[in-house]
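Listed below are the residues making up each chain.
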Amino acid sequence: MRPIRRLLIANRGEIAVRVVRACRELGIAPLAVYAPVDADAPHVRMADAALPLPGDAPADSYLNLSLLVELARRAGADAVHPGYGFLAENPAFAAACEAAGLVFVGPPSAVLARCGDKAAARAAAAAAGVPVLPGTGPVTDDEAVRAAAALGFPLLIKAVGGGGGKGIHHVAAPEALPAALRLARGEAQAAFGDPRVYLERWLTAPRHVEVQVLADAAGHVVHLGERACSVQRRHQKLIEEAPAPGVDPALRAALGEAAVAVARALEYRGAGTMEFLLEGDRFYFIEVNARIQVEHPVTEAVTGCDLVAWQLRLAGGEPLDFQQADVTWRGAALECRISAEDPHAQFLPSLGAIDGLAEPAGPGIRVDSGLWVGQRVSRHYDPLLAKVVAWGPSREVALARMRCALREYYISGVDTTIPFHLWALDQPAFCAGVYDVRFAEHWDGGGALDETAVLAAAAWYSRRLRTPRLPADGAGERWAATARLEALR
């Protein structure tokens, strides 16, 4: 066992704030890093020390692998937490930390490499007896043509090293396959440095469900139930919830057993997520997310388990001190991702400066945020600004609390995804819990992207003079006061 005492957080935004808070609870000294654009960010102010990075471009800042390791060593850190995105699932970064004598808060580099190869992870799951979608391993273009004929159309092309919805292409007919392969390989090379792709059968309208696992170094693995992640646009999640509507105890147990089997097959360590597609009562493994997930708070809300604290404890060598039978679920929780995007303009990025901010509160409301007034939303980074999580003793109560919280949330200076969320939460299909991955297509601001329009609109938005909007007419003040008294979470 090697308890962590001083930890460098190689990330920014709300996840950096979340890790700082977990460190405080465990008596670990948190150290921040920051690009110039983040000099006034909350995670910088909250950490014991903050170390500057040389530029705002990701290659100069949060993707600068060698510099981050060197900063951790010079600052006297004994561990590095990568957050999510950036280098969180990069085996080379984990290996560099290991070589420098630093604890990497995540799976060992060899495990990350296995999980990051989507085709290898599929093969491991299949070998463990877990259902996977019919598909292929990495294929050449010629092999892809033959395999596609056997699989049938439509199908998906996926990047072997993919993640975050990147490198995925839907192919409706054989004549579209060659061009889609070229696009997918180019995108995979640019995003992941690996042009390999594989094919997978397309399900018309499945539900996207994922299972949270924790695994210690002794091979003890537990699952903490599933999350529903079907509200997506362009394969990127917008709303998540736990438990997943329509998943009964028997299906939950089957999904959990499958997730644990995949984790054991991959010799997984730490906190991770096994992703599945669900069609009726049949499910298929699709990939591993070998990191803390953006949507981890909904699982924390219904299980009472602090996943980031467990990440740190497992990385320090502690064993899990509970069994599968000890895991219980209470109530329901939803998370809405608040991003700097304009949902009325096909979710175009909304660049600018935050010039007004009032975050919601209330019974059962949690806001994970790294926002501050004066923050510049940079083109260099993901547009995620914050997450609103609503818990309730029932799904109906959680929904009502989320609507109230979103109406309270005041952000001026950039457009946000809040209007989409308010629309989604009022849709009969969502309220009934019978939605699937095509749900967001019904948003009247959605639809296929016209690239010319996107570029023109992006240029216009970057020059647009932002006009502050006044907050709602005091609605929610009693709600906030009640929250302070009840402090539910």
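On a predicted model such as this, the values are computed, not experimentally measured, just so you know.

Participant: Mind laying out the overall build of the protein chain, listing which residues take part and the relevant values?
Facilitator: Along its length, the protein chain carries 16 helices and 22 strands. The globule rule puts the C-alpha radius of gyration for 489 residues at 23 Å, and the 22 Å found for the protein chain is close to it. If you line up the protein chain on its principal axes, its C-alpha atoms span 60 × 55 × 45 Å. Here the contacts in the protein chain between residues at least 6 apart in sequence split such that 68% fall between residues at least 24 apart. Accessible surface, the protein chain: about 19,800 Å² in total, of which carbon and sulfur atoms supply 54%. Here the protein chain carries 49 positive and 56 negative side-chain charges, and the mean point of each set is 2 Å from the other.

Participant: A description of the state of the cysteines should follow, citing residues and the corresponding values.
Facilitator: Counted by the stated rule, this structure contains zero disulfides. The cysteine Cys-229 is free of any disulfide, with Cys-336 supplying the nearest cysteine sulfur at 13 Å. Classification of Cys-229 by relative accessible area gives buried; the value is 0%. The thiol sulfur of Cys-404 is not disulfide-bonded, and the nearest other cysteine sulfur, from Cys-336, lies at 13 Å.

Participant: Break down the confidence of the model for the protein chain for me, citing the residues and quoting the values.
Facilitator: Overall, the prediction assigns the protein chain a mean pLDDT of 90, with 90% of residues at 70 or greater. Low pLDDT, under 50, characterises residues 446-489; the stretch is placed with 52 contacts to residues that sit more than four places away or in other chains.

Participant: Requested: an account of the packing of aromatic side chains, with residues and values cited.
Facilitator: Per the stated rule, a full pass over the model turns up 15 aromatic pairs. Joined through ring pairs, the aromatic side chains of Phe-347, Phe-420, Trp-423, Phe-430, Tyr-435, Phe-439 and Trp-443 make up one cluster. Its guanidinium or amino end placed over the ring of Phe-430, Arg-395 lies 5.1 Å from that ring's centre, counting from NZ or CZ.

Participant: Can you tell me about the pairing of strand 19 (residues 365-369), naming the residues and giving the values?
Facilitator: Most of strand 19 is tucked away, with five of its five residues classed as buried. Neither face of strand 19 is open: one carries Ile-365, Val-367 and Ser-369, the other Arg-366 and Asp-368, and all of them are buried.

Participant: Go over helix 12 (residues 395-408) with me, naming the residues and quoting the values.
Facilitator: When the terminal C-alpha atoms of helix 12 are compared, their 20 Å separation across 14 residues agrees well with the 20 Å that a helix rising 1.5 Å per residue should span. Where helix 12 is concerned, the buried positions are Arg-395, Ala-398, Leu-399, Arg-401, Met-402, Arg-403, Ala-405, Leu-406 and Glu-408.

Participant: Account for the sheet that holds strand 6 (residues 155-159), with residues named and values stated.
Facilitator: Pairing in this open sheet of three strands is antiparallel, and the strands run 7-6-8 from one edge to the other. The strands lining the two open edges of the sheet, one partner per strand, are strand 7 (169-171) and strand 8 (197-201). Taking each pair of neighbouring strands and ignoring which way they run, the sheet shows an average axis angle of 30°. Summarising the sheet, strand 6 and strand 7 pair through three bridges and their orientation is antiparallel. Bridging across to strand 7, Leu-156 finds its partner in His-170. With respect to the sheet, helix 7 (residues 141-151) is in contact with strand 6 and strand 8, its orientation differing from that of strand 8 by roughly 10°.

Participant: How would you summarise the pattern of salt bridges if you had to cite specific residues and measurements?
Facilitator: Using the criterion set out here, one finds 29 salt bridges in the structure. Among the salt bridges present, the one from Lys-237 reaches Glu-210, with a minimum N-O distance of 2.8 Å. Taken together, the residues span a long stretch of sequence, with Lys-237 in strand 11 (residues 236-242) and Glu-210 in strand 9 (residues 207-215) at a distance of 27 residues. Each member of the salt-bridge network shares a partner with another, and the members are Glu-14, Arg-18, Glu-300, Asp-306, Arg-366, Asp-368 and Lys-387.

Participant: Run through the packing of helix 3 (residues 65-74) against helix 4 (residues 91-99), naming residues and quoting values.
Facilitator: Taken N-terminus to C-terminus, the directions of helix 3 and helix 4 make an angle of 30°; their axes are 10 Å apart at the nearest point. Here helix 4 runs roughly parallel to helix 3, going by the angle between their axes. For the element pair helix 3 and helix 4, the recorded crossing hand is right-handed. For the pair formed by helix 3 and helix 4, the contact residues are Leu-65, Leu-68 and Val-69 on the first element and Ala-92, Phe-93, Ala-96 and Cys-97 on the second. Here the residues of the contact of helix 3 with helix 4 are counted per class, giving seven nonpolar, no polar and no charged.

Participant: So what's going on with the pairing of strand 21 (residues 384-392)? Residues and values would help.
Facilitator: Counting buried residues along strand 21, nine of its nine residues qualify, which places the element largely inside the surrounding structure. As defined by bridge partners, strand 14 (residues 332-339) adjoins strand 21 across eight bridges and the pair is classed as antiparallel. Along strand 21, the bridge assignment pairs Glu-335 with Val-389. Two elements, strand 19 and strand 21, share five bridges in a ladder whose sense is antiparallel. When the sheet's bridge partners are listed, Ile-365 is paired in strand 21 with Ala-390.

Definitions and cut-offs
Residues numbered from 1 in each chain as written. Predicted model: local features only at pLDDT ≥ 70, side-chain atom pairs only at ≥ 80, totals over all residues. Heavy atoms only, no water. Helix = DSSP H or I, 4+ residues; strand = E, 2+ residues; numbered from the N terminus. Rg over C-alpha atoms; globule rule 2.2 N^0.38 Å. Contact = heavy atoms within 4.5 Å. Areas by Shrake-Rupley, 256 points an atom, 1.4 Å probe, with all protein chains shown as cover. Lys, Arg positive; Asp, Glu negative; His and termini not counted. Charge placed at Lys NZ, Arg CZ, Asp CG, Glu CD. Disulfide = S-S within 2.5 Å. Buried < 20%, exposed > 50% of the residue type's maximum accessible area, 1.4 Å probe, protein only. pLDDT = per-residue confidence, 0-100. Phe/Tyr/Trp six-rings, centres within 6.5 Å; stacked < 30°, edge-to-face > 60°. Lys NZ or Arg CZ within 6 Å of the ring centre and 35° of its normal. Expected span 1.5 Å × (residues − 1). Pairing = 2+ DSSP bridges. Axes fitted to C-alpha atoms, helices over the stretch in contact; angles between N-to-C directions. Salt bridge = Lys/Arg side-chain N within 4 Å of Asp/Glu carboxyl O. Parallel < 35°, antiparallel > 145°, perpendicular 65-115°, else oblique. Left-handed = near helix turned anticlockwise from the far one by under 90°. Nonpolar A, V, L, I, M, F, W, Y, C, P; charged D, E, K, R; others polar.

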